[in-house]
Amino acid sequence: MREVYVAGIGITSFTRLEYPLVEIAAYPGLMALRDSGIKKIDHLYVANMGSCRINHQSGLASAVVDHMSLTPAGAETIENGPASGGSAIKQGYMAVASGLHDVVMVIGAERMREVNSLDATDFVATLTHPHAEYIYGITLPSLAGMFTRLYMEKYGVTSRHLAMVAVKNQANAMDNFYAHIQQEITIEGILDSPEALTNNPYVADPLRFFDCCPVSDGGACVILATKDVLKKLEKPMIKLSGVGQATDSHAIHERKEPTDLLAVREAARQSFEMAGIKPRDVDVAELHDAFTILEIVESEEVGFFKKGEGHIALEKGVTKIGGELPINPSGGLKARGHPVGATGVAQAHEIVLQLRGEAEKRQVKNAKIGFTCNLGGFGNNVICLTFVKEEN
Amino acid sequence: MATNVYAYKCRRCGKVHYPYRTICKKCGENDHNEFDIVPLAKKGKLITYTHLYTLPADYETKALTLGIVELEDGNRITAQLNIQEPQIGMNVVGKVDVVRQDEYTKYLGMVFEKT
Ligand SMILES: [Zn+2]
């Protein structure tokens, strides 16, 4: 297999965007073309979860490839729930590694705020098991709430730990121009003050408002290419060194240990093994914190910390920018935002910025190895990517 | 109205699945329909729960209490709870009731109460 590198990147603001989905996809694509200096691609993958249901548009990739005047390049839409972005990058990786294509554009794009929040929540809830979960009124926040309660009982995680994730990621996002949530918060304000119950109401207890990611619109892009192509571009050599993917049961109650996220464990193991590194070699990571608890649990399952000790590392400041292993310097899903199909690509975008040394105020010093974890459903389909900076 | 929620017992190895799946997770039995339909137990212990306050559009109440119950037969089920102050480990008993209703359909499922 051939080695695969990131040639260019682009991103939109993650917020409520008042322009069509096709443009939300095309704009970061245009930025990535400019960033790389590439004018022609062999293939386009567009990651998206909801265009048919939310935006009344099917065949999204065909629309985008034409909108960008990149025809006759091949184009496909990739739907894998909130892990669509990671999946599309994996497809791009396979296309370049196999020798089928030399230059592949991967875009993730979603426009969720075209519908009201009830419809957006119901759209995401269609990920749950239709007969065993959905009919009961189960949504993603309620699965996360039940999971959090078990995790607290078993491992001693408290509401204070969850709030620490929210405070950290919202602080990181203050230095990210593209982030959805631009609001600094304190533990006092969201947990201890007399107004906390109003500021930070329960959504699915023990999870509260500030434990959940916002509903966002947004798009992101990475262009993947061969080593030969990269050398001609004079861009930093950021290699996609490891790709891992694994699945788990659809209905959460069928998991032997409901507090384990085995698909995260397995996808990370594959990704690290392929890259030939150990979890603690990682300098910076973007984890899928759709709910604050998930950042803590994933930091354990991918092997950064022992099972049940993620919250202790958080407490010690290990995962802050400036700590030993910064997690979610972009603000994560929690604060950068979570336009579902775009998230996996946005994670890769942030890691490439960090490894290039272009992350400005939120730069993790001397970052050479980066890692992303992108979850579909409540952990039933997971993609983990490892990126390594090589000297030019 | 139905009085049971059903599970699927593999005819080869006896493993009970809920919800339905086409291939036995334990022994790999894959002859079509080689499952016996068996009612799930009604009694069990609550293993986790949540009060959900942002409800799907089909509900008119202010909150919904949801949980996962480990049943006496060893299976687990995700369901609604009609319990004021749920506690992990408490004994519960279920009955079949309407758990969701839209314009066209009433969906039936298990609702648990304190024993
Ligand atoms: Zn069997």
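A brief structural summary. Every value quoted in this text rests on a predicted model; they were computed, and no experiment measured them.

1. Observations concerning the coordination of the zinc ion
All names here are of chain B.
Reasoning step 1: Coordination of the zinc ion by the protein comes from C10 (SG), C13 (SG), C24 (SG) and C27 (SG), over a distance range of 2.3 to 2.4 Å.
Reasoning step 2: The coordination sphere of the zinc ion comprises 4 donor atoms, whose angles at the metal cover 105 to 112°; the geometry is tetrahedral.
Reasoning step 3: Mapping the donors of the zinc ion onto the primary sequence gives the spacing C-x2-C-x10-C-x2-C.
Reasoning step 4: Using a relative accessible area of 3% as the deciding quantity, one classes C24 as buried.
Reasoning step 5: For C27, a relative accessible area of 26% puts it in the partly exposed group.

2. What to know about the interface of chain B and chain A
Reasoning step 1: With 32 residues of chain B at the interface, the matching set in chain A holds 29 residues.
Reasoning step 2: Taken together, both faces of the contact between chain B and chain A bury some 2,600 Å²; the carbon and sulfur share is 59%.
Reasoning step 3: Counting every contact that joins chain B to chain A gives 2 salt bridges.
Reasoning step 4: Put simply, chain B and chain A have 18 residue pairs in polar contact (both at pLDDT 80 or more) between them.
Reasoning step 5: The set of elements that each furnish at least two residues to the side of chain B that touches chain A consists of β4 (43–52), β5 (64–71), β6 (76–81), β7 (91–101) and β8 (106–114) of chain B.

3. Quick look at the sheet that holds strand β3 (residues 35–39) of chain B
All names here are of chain B.
Reasoning step 1: With respect to topology, 3 strands assemble into an open sheet ordered β2-β1-β3, the strand pairing being antiparallel. The outermost strands of the open sheet, each flanked by one partner alone, are β2 (16–17) and β3.
Reasoning step 2: Judged from the 5 bridges that link them, strand β1 (residues 6–10) and β3 form a sheet pairing that is antiparallel. Pairing of K9 across the sheet is with D36, part of β3.

4. Let's talk about the packing of helix α6 (residues 140–155) of chain A against helix α12 (residues 292–301) of chain A
All names here are of chain A.
Reasoning step 1: At a minimum axis separation of 11 Å, α6 and α12 run at an interaxial angle of 60°. Relative to α12, the element α6 is oriented oblique. In the crossing of α6 with α12, the sense of the turn from one axis to the other is left-handed. Side by side, α6 and α12 meet where F147, T148 and Y151 of the first sit next to I293, V297 and E300 of the second.
Reasoning step 2: Per-class residue counts for the contact of α6 with α12 are 4 nonpolar, 1 polar and 1 charged.

5. Here's the deal with the nonpolar core
Reasoning step 1: One finds Y136, F291, F304 and F371 of chain A together with I77 of chain B to be the most contacted residues of the largest nonpolar core, which totals 89 residues.
Reasoning step 2: By residue number, the principal contributor to this core is α6 of chain A, which donates 7 residues.
Reasoning step 3: Leaving out residues up to four positions away in the same chain, I77 of chain B has contacts with Y136 and H253 of chain A together with V5, Y18, L40, G67, I68, V69, L71, M110 and F112 of chain B.

6. Some details on α12 of chain A
Reasoning step 1: The buried fraction of α12 of chain A is high, at 10 of 10 residues.
Reasoning step 2: When we look at burial in α12 of chain A, the residues that qualify are T292, I293, L294, E295, I296, V297, E298, S299, E300 and E301 of chain A.

7. Examining the sheet that holds strand β11 (residues 381–390) of chain A
Sheet strands pair via backbone hydrogen bonds, and the direction of the pair is either parallel or antiparallel.
Residues and elements named next belong to chain A.
Reasoning step 1: Pairing is mixed across the open sheet formed by 9 strands, whose spatial order is β3-β2-β4-β7-β1-β8-β11-β10-β9. Strand pairing shows two members of the sheet lacking a second neighbour, β3 (74–78) and β9 (284–286), which therefore form its edges. For this sheet the average axis-to-axis angle between neighbouring strands, irrespective of direction, equals 25°.
Reasoning step 2: Pairing of β9 with strand β10 (residues 369–376), which is carried by 3 bridges, proceeds in the parallel orientation. Along β10, the bridge assignment pairs E286 with T372.
Reasoning step 3: In the packing of helix α15 (residues 343–356) onto the sheet, the strands contacted are β1 (4–11), β4 (103–111), β7 (217–226), β8 (237–247), β9, β10 and β11, and the crossing angle to β10 comes to about 170°.

8. With respect to the pairing of β4 of chain B
Residue and element names in this part refer to chain B.
Reasoning step 1: With 8 of 10 residues buried, β4 is to be regarded as a mostly interior element.
Reasoning step 2: Bridge count for β4 against β5 is 8 bridges, and the pairing is antiparallel. Looking at the pairing, K45 lines up with E70 of β5.

9. Brief notes about the pairing of β11 of chain A
All names here are of chain A.
Reasoning step 1: A large share of β11 lies buried, amounting to 8 of its 10 residues.
Reasoning step 2: For β8 and β11, the ladder comprises 10 bridges, and the chain directions are antiparallel. Among the inter-strand pairings, V243 is bridged to a residue of β11, identified as L385.
Reasoning step 3: As defined by bridge partners, β10 adjoins β11 across 8 bridges and the pair is classed as antiparallel. Paired with G376 across the two strands is N381, which belongs to β11.

10. Topic: the pattern of salt bridges
Residue and element names in this part refer to chain A.
Reasoning step 1: Using the criterion set out here, one finds 28 salt bridges over all chains in the structure.
Reasoning step 2: Taking the shortest distance from any N to any O, the salt bridge between D35 and R356 comes out at 3.0 Å. Of this pair, D35 sits in helix α1 (residues 21–36) while R356 sits in helix α15, and the two are 321 residues apart along the sequence.
Reasoning step 3: Judged by relative accessible area, R356 falls into the buried class, the value being 9%.
Reasoning step 4: Close ionic contact of D260 with K307 constitutes a salt bridge, the shortest N to O distance being 3.7 Å. Here the residue D260 occupies a position in the loop between β8 and α11 (262–275), and K307 occupies one in the loop between α12 and α13 (310–315), the gap between them amounting to 47 residues.
Reasoning step 5: Through salt bridges with shared partners, a single ionic network connects D35, K235, R356 and E358.

Calculation rules
Residues numbered from 1 in each chain as written. Chains lettered and ligands numbered in written order. Predicted model: local features only at pLDDT ≥ 70, side-chain atom pairs only at ≥ 80, totals over all residues. Heavy atoms only, no water. Donors = N, O, S within 2.8 Å, 3.2 Å for Na, K, Ca; no water. Tetrahedral: all angles 85-135°; square planar, octahedral: opposite > 155°, others 65-115°. Buried < 20%, exposed > 50% of the residue type's maximum accessible area, 1.4 Å probe, protein only. Contact = heavy atoms within 4.5 Å. Buried area = accessible area lost by both parts, 1.4 Å probe. Salt bridge = Lys/Arg side-chain N within 4 Å of Asp/Glu carboxyl O. Polar contact = N/O pair within 3.5 Å; in protein donor to acceptor, adjacent residues only side chain to side chain. Helix = DSSP H or I, 4+ residues; strand = E, 2+ residues; numbered from the N terminus. Pairing = 2+ DSSP bridges. Axes fitted to C-alpha atoms, helices over the stretch in contact; angles between N-to-C directions. Parallel < 35°, antiparallel > 145°, perpendicular 65-115°, else oblique. Left-handed = near helix turned anticlockwise from the far one by under 90°. Nonpolar A, V, L, I, M, F, W, Y, C, P; charged D, E, K, R; others polar. Core = buried A, V, L, I, M, F, W, Y, C linked by side-chain atoms within 4.5 Å.

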